[in-house]
Amino acid sequence: MIIAGARPNFMKIAPVMRALKEEKDFFNTYLVHTGQHYDIQMSDVFFKELHIPKPNISLGIGSASHTQQTAKIMLAFEKILEKKKPDILIVVGDVNSTMACSLVAAKMGVKIAHVEAGLRSKDRTMPEEINRIVTDGLSDYLFVSEQSGMDNLLSEGVDKKKMFYVGNVMIDTLISNLPRIQKSSILEDLGLAKKEPYAVLTLHRPSNVDSDKALSEIYAILKEVSQKTRIIYPIHPRTKKMLQKHKFSDRFERMQNLTMIGPLGYINFMKLVQNANFVLTDSGGIQEETTVLKVPCLTMRENTERPATIDVGTNVLV
Ligand code: UD1
(Lines give C-alpha, C1' and ligand atoms only; values in the text may rest on other atoms or scores of the structure.)
Protein backbone atom coordinates (compact mmCIF):
# COMPACT_ATOMS: atom_id res chain seq x y z
CA MET A 1 0.00 0.00 0.00
CA ILE A 2 1.34 3.40 -1.02
CA ILE A 3 0.33 6.79 0.37
CA ALA A 4 0.21 10.04 -1.55
CA GLY A 5 -1.28 13.21 -0.12
CA ALA A 6 0.28 16.46 -1.20
CA ARG A 7 1.95 17.88 -4.29
CA PRO A 8 5.58 17.00 -3.44
CA ASN A 9 4.56 13.35 -2.93
CA PHE A 10 3.39 12.75 -6.46
CA MET A 11 6.77 13.00 -8.24
CA LYS A 12 8.18 10.67 -5.58
CA ILE A 13 5.60 7.89 -5.86
CA ALA A 14 5.68 7.85 -9.69
CA PRO A 15 8.94 5.86 -10.11
CA VAL A 16 8.17 3.66 -7.07
CA MET A 17 4.78 2.72 -8.54
CA ARG A 18 6.42 2.00 -11.88
CA ALA A 19 9.07 -0.24 -10.28
CA LEU A 20 6.44 -2.15 -8.30
CA LYS A 21 4.39 -2.63 -11.44
CA GLU A 22 7.39 -4.17 -13.19
CA GLU A 23 7.52 -6.69 -10.33
CA LYS A 24 3.82 -7.44 -10.43
CA ASP A 25 4.39 -11.15 -9.87
CA PHE A 26 5.64 -10.23 -6.41
CA PHE A 27 3.63 -7.15 -5.49
CA ASN A 28 0.00 -6.16 -5.65
CA THR A 29 -0.14 -2.41 -5.15
CA TYR A 30 -2.90 -0.34 -3.64
CA LEU A 31 -2.63 3.47 -3.87
CA VAL A 32 -4.29 5.68 -1.27
CA HIS A 33 -4.68 9.43 -1.97
CA THR A 34 -5.46 11.22 1.28
CA GLY A 35 -6.71 14.33 -0.52
CA GLN A 36 -4.51 16.68 1.54
CA HIS A 37 -4.06 18.50 -1.77
CA TYR A 38 -7.18 18.44 -3.91
CA ASP A 39 -7.10 21.24 -6.51
CA ILE A 40 -6.70 20.06 -10.10
CA GLN A 41 -3.48 22.06 -10.42
CA MET A 42 -2.11 20.78 -7.09
CA SER A 43 -2.96 17.11 -7.65
CA ASP A 44 -4.76 15.76 -10.77
CA VAL A 45 -2.35 17.35 -13.21
CA PHE A 46 0.57 15.41 -11.67
CA PHE A 47 -1.25 12.08 -11.95
CA LYS A 48 -1.93 12.75 -15.60
CA GLU A 49 1.50 14.08 -16.54
CA LEU A 50 3.51 11.48 -14.62
CA HIS A 51 1.28 8.57 -15.67
CA ILE A 52 0.54 7.63 -12.07
CA PRO A 53 -2.29 5.07 -11.89
CA LYS A 54 -5.59 6.34 -10.53
CA PRO A 55 -5.67 5.96 -6.74
CA ASN A 56 -7.55 2.87 -5.55
CA ILE A 57 -9.16 5.10 -2.98
CA SER A 58 -9.28 8.84 -2.27
CA LEU A 59 -9.99 9.90 1.28
CA GLY A 60 -10.92 13.50 0.39
CA ILE A 61 -9.52 14.95 3.61
CA GLY A 62 -8.76 18.49 2.40
CA SER A 63 -7.45 21.41 4.43
CA ALA A 64 -7.67 22.03 8.17
CA SER A 65 -5.35 22.86 11.05
CA HIS A 66 -2.39 20.50 11.33
CA THR A 67 -3.93 18.59 14.22
CA GLN A 68 -7.31 18.29 12.55
CA GLN A 69 -5.85 17.32 9.20
CA THR A 70 -3.61 14.68 10.81
CA ALA A 71 -6.47 13.33 12.92
CA LYS A 72 -8.90 13.19 10.00
CA ILE A 73 -6.38 11.28 7.90
CA MET A 74 -5.75 8.84 10.75
CA LEU A 75 -9.46 8.14 11.29
CA ALA A 76 -10.16 7.56 7.62
CA PHE A 77 -6.98 5.59 7.01
CA GLU A 78 -7.52 3.22 9.94
CA LYS A 79 -10.62 1.85 8.19
CA ILE A 80 -8.72 1.24 4.96
CA LEU A 81 -5.88 -0.51 6.75
CA GLU A 82 -8.27 -2.73 8.72
CA LYS A 83 -9.99 -3.78 5.52
CA LYS A 84 -7.01 -4.19 3.22
CA LYS A 85 -4.39 -5.53 5.65
CA PRO A 86 -1.33 -4.73 3.49
CA ASP A 87 1.99 -6.48 4.09
CA ILE A 88 3.81 -3.19 4.01
CA LEU A 89 3.01 0.52 3.87
CA ILE A 90 5.18 2.80 1.73
CA VAL A 91 5.21 6.49 2.65
CA VAL A 92 7.26 9.25 1.00
CA GLY A 93 8.55 12.66 2.04
CA ASP A 94 7.50 14.70 5.04
CA VAL A 95 3.94 15.97 4.70
CA ASN A 96 1.16 15.50 7.23
CA SER A 97 -0.21 12.54 5.25
CA THR A 98 3.17 10.77 5.56
CA MET A 99 3.17 10.99 9.35
CA ALA A 100 -0.55 10.38 9.88
CA CYS A 101 -0.60 7.13 7.90
CA SER A 102 2.66 5.93 9.48
CA LEU A 103 1.17 6.37 12.95
CA VAL A 104 -1.88 4.31 12.05
CA ALA A 105 0.22 1.54 10.47
CA ALA A 106 2.60 1.38 13.44
CA LYS A 107 -0.31 1.02 15.88
CA MET A 108 -1.77 -1.77 13.78
CA GLY A 109 1.48 -3.66 13.42
CA VAL A 110 1.91 -3.02 9.69
CA LYS A 111 5.52 -2.64 8.54
CA ILE A 112 6.47 0.80 7.20
CA ALA A 113 8.94 1.80 4.50
CA HIS A 114 9.85 5.50 4.40
CA VAL A 115 11.23 6.86 1.14
CA GLU A 116 13.34 10.02 1.75
CA ALA A 117 14.21 9.07 5.31
CA GLY A 118 16.82 10.74 7.51
CA LEU A 119 16.60 14.34 6.30
CA ARG A 120 16.80 16.82 9.19
CA SER A 121 16.67 20.61 9.28
CA LYS A 122 17.19 20.46 13.07
CA ASP A 123 14.40 23.06 13.23
CA ARG A 124 11.41 21.77 15.14
CA THR A 125 9.32 24.83 14.38
CA MET A 126 8.89 23.32 10.88
CA PRO A 127 5.89 20.98 10.70
CA GLU A 128 7.82 18.86 8.19
CA GLU A 129 10.65 18.26 10.70
CA ILE A 130 8.17 16.81 13.20
CA ASN A 131 6.72 14.64 10.43
CA ARG A 132 10.19 13.39 9.47
CA ILE A 133 11.24 12.53 13.02
CA VAL A 134 8.01 10.69 13.82
CA THR A 135 7.88 8.80 10.51
CA ASP A 136 11.52 7.71 10.72
CA GLY A 137 11.05 6.66 14.34
CA LEU A 138 8.24 4.33 13.28
CA SER A 139 9.71 2.95 10.05
CA ASP A 140 11.10 -0.55 9.51
CA TYR A 141 12.82 0.29 6.21
CA LEU A 142 14.47 3.67 5.77
CA PHE A 143 15.32 4.60 2.18
CA VAL A 144 17.77 7.50 2.22
CA SER A 145 18.47 10.06 -0.51
CA GLU A 146 21.73 11.71 0.61
CA GLN A 147 24.67 11.01 2.93
CA SER A 148 23.45 13.47 5.60
CA GLY A 149 20.36 11.28 5.96
CA MET A 150 22.50 8.24 6.78
CA ASP A 151 24.57 10.28 9.27
CA ASN A 152 21.45 11.68 10.98
CA LEU A 153 19.85 8.26 11.39
CA LEU A 154 23.05 6.73 12.72
CA SER A 155 23.44 9.53 15.26
CA GLU A 156 19.83 8.94 16.36
CA GLY A 157 20.70 5.31 17.04
CA VAL A 158 18.76 3.74 14.17
CA ASP A 159 19.79 0.15 13.42
CA LYS A 160 22.06 0.15 10.36
CA LYS A 161 20.26 -2.90 9.00
CA LYS A 162 17.10 -0.82 8.50
CA MET A 163 18.87 1.85 6.43
CA PHE A 164 19.31 1.78 2.63
CA TYR A 165 21.17 4.54 0.78
CA VAL A 166 19.22 4.42 -2.48
CA GLY A 167 19.36 7.94 -3.96
CA ASN A 168 16.54 10.29 -4.83
CA VAL A 169 13.31 9.13 -6.50
CA MET A 170 12.21 12.71 -7.22
CA ILE A 171 15.35 13.09 -9.32
CA ASP A 172 14.53 9.80 -11.09
CA THR A 173 11.27 11.47 -12.13
CA LEU A 174 13.10 14.60 -13.26
CA ILE A 175 15.63 12.72 -15.36
CA SER A 176 13.11 10.42 -16.99
CA ASN A 177 10.94 13.41 -17.93
CA LEU A 178 13.69 15.64 -19.38
CA PRO A 179 12.73 14.96 -23.02
CA ARG A 180 9.11 15.96 -22.30
CA ILE A 181 10.21 18.98 -20.28
CA GLN A 182 12.22 20.08 -23.32
CA LYS A 183 8.99 20.20 -25.36
CA SER A 184 7.00 22.40 -22.98
CA SER A 185 5.83 25.69 -24.51
CA ILE A 186 5.63 27.54 -21.19
CA LEU A 187 8.42 30.02 -22.10
CA GLU A 188 6.56 31.09 -25.25
CA ASP A 189 3.26 31.12 -23.34
CA LEU A 190 4.75 33.58 -20.84
CA GLY A 191 6.40 35.66 -23.55
CA LEU A 192 9.87 34.56 -22.47
CA ALA A 193 10.95 33.06 -25.77
CA LYS A 194 13.61 35.62 -26.66
CA LYS A 195 16.10 34.38 -24.08
CA GLU A 196 15.05 37.14 -21.70
CA PRO A 197 16.72 36.51 -18.32
CA TYR A 198 14.29 35.78 -15.52
CA ALA A 199 14.06 34.32 -12.03
CA VAL A 200 11.51 31.82 -10.74
CA LEU A 201 9.98 32.37 -7.31
CA THR A 202 8.10 29.92 -5.08
CA LEU A 203 7.04 30.64 -1.51
CA HIS A 204 4.70 28.88 0.89
CA ARG A 205 6.37 28.30 4.26
CA PRO A 206 4.52 29.74 7.27
CA SER A 207 7.75 31.48 8.40
CA ASN A 208 7.79 33.47 5.14
CA VAL A 209 4.14 34.17 4.42
CA ASP A 210 2.04 33.95 7.58
CA SER A 211 2.72 37.37 9.13
CA ASP A 212 2.72 41.04 8.14
CA LYS A 213 6.37 41.26 9.16
CA ALA A 214 7.49 38.33 7.01
CA LEU A 215 5.45 39.49 4.03
CA SER A 216 6.84 43.05 4.33
CA GLU A 217 10.38 41.69 4.25
CA ILE A 218 9.62 39.44 1.28
CA TYR A 219 7.95 42.33 -0.50
CA ALA A 220 11.00 44.57 -0.01
CA ILE A 221 13.34 41.85 -1.28
CA LEU A 222 11.23 41.15 -4.35
CA LYS A 223 10.96 44.85 -5.13
CA GLU A 224 14.73 45.11 -5.22
CA VAL A 225 15.27 41.91 -7.20
CA SER A 226 12.56 42.84 -9.70
CA GLN A 227 14.40 46.05 -10.58
CA LYS A 228 17.18 43.90 -11.99
CA THR A 229 15.35 40.91 -13.40
CA ARG A 230 11.90 39.74 -14.28
CA ILE A 231 10.42 37.32 -11.73
CA ILE A 232 7.93 34.59 -12.61
CA TYR A 233 5.91 33.55 -9.60
CA PRO A 234 3.60 30.51 -9.69
CA ILE A 235 1.74 31.17 -6.46
CA HIS A 236 0.79 28.41 -4.00
CA PRO A 237 -2.88 28.48 -2.88
CA ARG A 238 -1.91 28.92 0.78
CA THR A 239 0.29 31.93 -0.07
CA LYS A 240 -2.49 33.44 -2.15
CA LYS A 241 -4.78 33.17 0.87
CA MET A 242 -2.13 34.73 3.12
CA LEU A 243 -1.59 37.67 0.73
CA GLN A 244 -5.34 38.28 0.83
CA LYS A 245 -5.56 37.90 4.61
CA HIS A 246 -2.68 40.32 5.24
CA LYS A 247 -3.81 42.70 2.49
CA PHE A 248 -0.69 42.30 0.35
CA SER A 249 -2.37 41.02 -2.84
CA ASP A 250 -2.59 44.42 -4.54
CA ARG A 251 0.99 45.35 -3.78
CA PHE A 252 2.30 42.06 -5.18
CA GLU A 253 0.07 42.25 -8.24
CA ARG A 254 1.13 45.81 -9.01
CA MET A 255 4.85 45.13 -8.73
CA GLN A 256 6.52 45.77 -12.08
CA ASN A 257 8.46 42.87 -13.50
CA LEU A 258 6.75 40.35 -11.18
CA THR A 259 4.48 37.99 -13.11
CA MET A 260 2.13 36.09 -10.79
CA ILE A 261 0.57 32.97 -12.26
CA GLY A 262 -1.35 30.00 -10.83
CA PRO A 263 0.41 26.78 -9.78
CA LEU A 264 1.94 25.03 -12.80
CA GLY A 265 1.94 21.37 -13.74
CA TYR A 266 5.16 19.39 -13.41
CA ILE A 267 6.41 19.59 -16.99
CA ASN A 268 5.86 23.34 -17.39
CA PHE A 269 7.28 24.14 -13.99
CA MET A 270 10.48 22.18 -14.57
CA LYS A 271 10.96 23.83 -17.96
CA LEU A 272 10.62 27.23 -16.31
CA VAL A 273 13.20 26.28 -13.66
CA GLN A 274 15.61 24.71 -16.14
CA ASN A 275 15.83 27.93 -18.17
CA ALA A 276 15.84 30.40 -15.28
CA ASN A 277 18.88 32.51 -14.39
CA PHE A 278 18.21 31.64 -10.79
CA VAL A 279 15.48 30.42 -8.46
CA LEU A 280 14.23 32.02 -5.25
CA THR A 281 12.40 29.51 -3.10
CA ASP A 282 11.53 28.18 0.33
CA SER A 283 10.68 24.70 -0.99
CA GLY A 284 12.51 21.52 -0.04
CA GLY A 285 12.47 19.60 -3.31
CA ILE A 286 13.29 22.53 -5.59
CA GLN A 287 16.69 22.84 -3.88
CA GLU A 288 17.47 19.35 -5.20
CA GLU A 289 15.96 19.79 -8.66
CA THR A 290 18.00 22.97 -9.24
CA THR A 291 21.14 21.12 -8.13
CA VAL A 292 20.62 18.47 -10.78
CA LEU A 293 19.70 21.08 -13.42
CA LYS A 294 22.72 23.24 -12.37
CA VAL A 295 20.54 26.31 -11.82
CA PRO A 296 21.57 28.65 -8.98
CA CYS A 297 19.07 28.49 -6.12
CA LEU A 298 18.66 31.04 -3.33
CA THR A 299 16.76 29.34 -0.52
CA MET A 300 14.90 31.83 1.63
CA ARG A 301 15.14 29.88 4.88
CA GLU A 302 17.25 29.70 8.03
CA ASN A 303 18.26 26.08 7.39
CA THR A 304 17.96 23.17 5.03
CA GLU A 305 17.38 19.45 5.51
CA ARG A 306 19.15 18.92 2.18
CA PRO A 307 22.77 20.03 2.83
CA ALA A 308 24.08 18.12 -0.20
CA THR A 309 22.66 20.92 -2.36
CA ILE A 310 24.89 23.43 -0.55
CA ASP A 311 27.95 21.16 -0.69
CA VAL A 312 27.54 20.79 -4.45
CA GLY A 313 27.36 24.57 -4.62
CA THR A 314 24.15 25.35 -6.51
CA ASN A 315 22.19 26.25 -3.38
CA VAL A 316 22.72 29.11 -0.90
CA LEU A 317 20.66 29.85 2.20
CA VAL A 318 19.69 33.52 2.28
C1 UD1 B 1 2.14 20.96 2.28
C2 UD1 B 1 3.24 20.28 3.10
C3 UD1 B 1 4.59 20.91 2.73
C4 UD1 B 1 4.82 20.91 1.23
C5 UD1 B 1 3.65 21.60 0.54
C6 UD1 B 1 3.82 21.62 -0.95
C7 UD1 B 1 2.61 19.59 5.38
C8 UD1 B 1 2.80 19.91 6.80
N9 UD1 B 1 3.07 20.51 4.53
O10 UD1 B 1 2.06 22.29 2.74
O11 UD1 B 1 5.62 20.18 3.35
O12 UD1 B 1 6.01 21.60 0.93
O13 UD1 B 1 2.44 20.90 0.90
O14 UD1 B 1 2.74 22.16 -1.59
O15 UD1 B 1 2.05 18.56 5.04
N16 UD1 B 1 -4.72 24.42 -0.53
C17 UD1 B 1 -5.56 24.64 -1.60
N18 UD1 B 1 -5.62 23.66 -2.56
C19 UD1 B 1 -4.93 22.50 -2.47
C20 UD1 B 1 -4.11 22.31 -1.36
C21 UD1 B 1 -4.01 23.27 -0.39
O22 UD1 B 1 -6.20 25.67 -1.72
O23 UD1 B 1 -5.05 21.64 -3.37
C24 UD1 B 1 -4.64 25.44 0.54
C25 UD1 B 1 -5.45 24.98 1.74
O26 UD1 B 1 -6.72 25.50 1.75
C27 UD1 B 1 -4.66 25.44 2.94
C28 UD1 B 1 -3.27 25.64 2.41
O29 UD1 B 1 -3.31 25.54 1.00
O30 UD1 B 1 -5.13 26.65 3.44
C31 UD1 B 1 -2.30 24.68 3.04
O32 UD1 B 1 -2.47 23.33 2.60
P33 UD1 B 1 -1.79 22.12 3.43
O34 UD1 B 1 -1.91 20.86 2.67
O35 UD1 B 1 -2.27 22.14 4.81
O36 UD1 B 1 -0.25 22.48 3.52
P37 UD1 B 1 0.75 23.18 2.50
O38 UD1 B 1 1.07 24.51 3.04
O39 UD1 B 1 0.29 23.08 1.09
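Residues numbered from 1 in each chain as written. Predicted model: local features only at pLDDT ≥ 70, side-chain atom pairs only at ≥ 80, totals over all residues. Heavy atoms only, no water.

Caption draft 1: Looking closely at the overall build of the protein. In terms of regular secondary structure, the protein is built from 15 helices and 13 strands. Rg of the C-alpha trace for the protein: 19 Å, near the compact-globule value of 20 Å for 318 residues, within the 12% margin. Of all 318 residues assigned to the protein, the portion counted as buried reaches 55%. Looking at the protein alone, contacts between residues at least 24 apart form 66% of all its contacts between residues at least 6 apart. A total of about 15,200 Å² of accessible surface is found on the protein, and carbon and sulfur atoms cover 54% of it. Within the protein, one finds 41 positive and 36 negative side-chain charges whose respective centroids are separated by 4 Å. (Helix = DSSP H or I, 4+ residues; strand = E, 2+ residues; numbered from the N terminus. Rg over C-alpha atoms; globule rule 2.2 N^0.38 Å. Buried < 20%, exposed > 50% of the residue type's maximum accessible area, 1.4 Å probe, protein only. Contact = heavy atoms within 4.5 Å. Areas by Shrake-Rupley, 256 points an atom, 1.4 Å probe, with all protein chains shown as cover. Lys, Arg positive; Asp, Glu negative; His and termini not counted. Charge placed at Lys NZ, Arg CZ, Asp CG, Glu CD.)

Caption draft 2: View of the pattern of salt bridges. On inspection of all chains with the given rule, the structure shows 14 salt bridges. Notably, a salt bridge pairs glutamate 116 with lysine 12, separated by 2.9 Å at the nearest N-O pair. Placement of glutamate 116 in strand E5 (residues 111-117) and of lysine 12 in helix H1 (residues 7-22) is noted, with a sequence separation of 104 residues between them. Accessibility expressed as a relative area gives 7% for glutamate 116, which makes it buried. (Salt bridge = Lys/Arg side-chain N within 4 Å of Asp/Glu carboxyl O.)

Caption draft 3: Seen up close, the site of the ligand. Around the ligand sit 20 residues, and of these His37, Asn96, Glu128, Arg238 and Lys241 come closest. The contact in question runs from an oxygen atom of the ligand to an N or O atom on the backbone of asparagine 96, over 2.8 Å. A distance of 3.1 Å separates an oxygen atom of the ligand from a polar atom in the side chain of arginine 238. Across the complex, the protein chains shield 88% of the 750 Å² of accessible surface that the ligand would expose by itself. Here the residues of the shell around the ligand sort into six nonpolar, nine polar and five charged. (Near = heavy atom within 4 Å. Polar contact = N/O pair within 3.5 Å; in protein donor to acceptor, adjacent residues only side chain to side chain. Nonpolar A, V, L, I, M, F, W, Y, C, P; charged D, E, K, R; others polar.)

Caption draft 4: Spatial organisation of the pairing of strand E8 (residues 198-202). Among the five residues in E8, five count as buried, and that is most of the element. Alternating positions in E8 separate into two faces, Tyr198, Val200 and Thr202 on one and Ala199 and Leu201 on the other, with burial throughout. When E8 meets strand E9 (residues 230-234), the two strands line up parallel, connected through three bridges. Looking at E9, one finds that tyrosine 198 is bridged to arginine 230. In this structure, E8 lies alongside strand E11 (residues 278-281), joined through four bridges in parallel fashion. If you follow valine 200 over to E11, its bridge partner there is valine 279. (Pairing = 2+ DSSP bridges.)

Caption draft 5: Main features of helix H6 (residues 147-155). The complete set of buried residues in H6 reads Ser148, Gly149, Met150, Asn152 and Leu153. Next to the buried residues of H6 lie E5, helix H5 (127-138), strand E6 (141-144) and strand E7 (163-165). Following H6 by one or two positions, glycine 157 adopts a phi angle in the positive range, close to 85°.

Caption draft 6: Inspection of the packing of helix H7 (residues 169-182) against helix H14 (residues 285-293) at higher detail. Put simply, H7 and H14 touch, their axes get as near as 10 Å, and they point 45° apart. Judged by the angle between their axes, H7 and H14 are oblique. Crossing hand, H7 versus H14: right-handed. Listed contacts from H14 to Met170, Ile171, Leu174 and Leu178 of H7 are Gly285, Glu288, Glu289, Val292 and Leu293. (Axes fitted to C-alpha atoms, helices over the stretch in contact; angles between N-to-C directions. Parallel < 35°, antiparallel > 145°, perpendicular 65-115°, else oblique. Left-handed = near helix turned anticlockwise from the far one by under 90°.)

Caption draft 7: Up close: the packing of aromatic side chains. Applying the stated rule across the entire model yields six aromatic pairs. Judged by centre distance (5.4 Å) and plane angle (35°), the rings of phenylalanine 143 and phenylalanine 164 are tilted. Here the residue phenylalanine 143 occupies a position in strand E6, and phenylalanine 164 occupies one in strand E7, the gap between them amounting to 21 residues. Given the relative accessible area of 26%, phenylalanine 143 is considered partly exposed. Ring centres of tyrosine 219 and phenylalanine 252 lie 5.8 Å apart, and the angle between their planes is 55°; this geometry places the pair in the tilted category. With tyrosine 219 in helix H10 (residues 212-228) and phenylalanine 252 in helix H12 (residues 249-254), this residue pair connects regions lying 33 residues apart in the sequence. Accessibility expressed as a relative area gives 17% for tyrosine 219, which makes it buried. (Phe/Tyr/Trp six-rings, centres within 6.5 Å; stacked < 30°, edge-to-face > 60°.)

Caption draft 8: Fine view of the environment of lysine 54. Following the sequence through the fold, lysine 54 ends up in the loop between helix H2 (40-49) and strand E3 (57-58). Residue lysine 54 is classed as exposed on the basis of its relative accessible area of 73%. Expressed as a C-alpha distance, the spacing of lysine 54 and alanine 117, which sit 63 residues apart in the sequence, is 26 Å.

These figures capture arrangement, not role.
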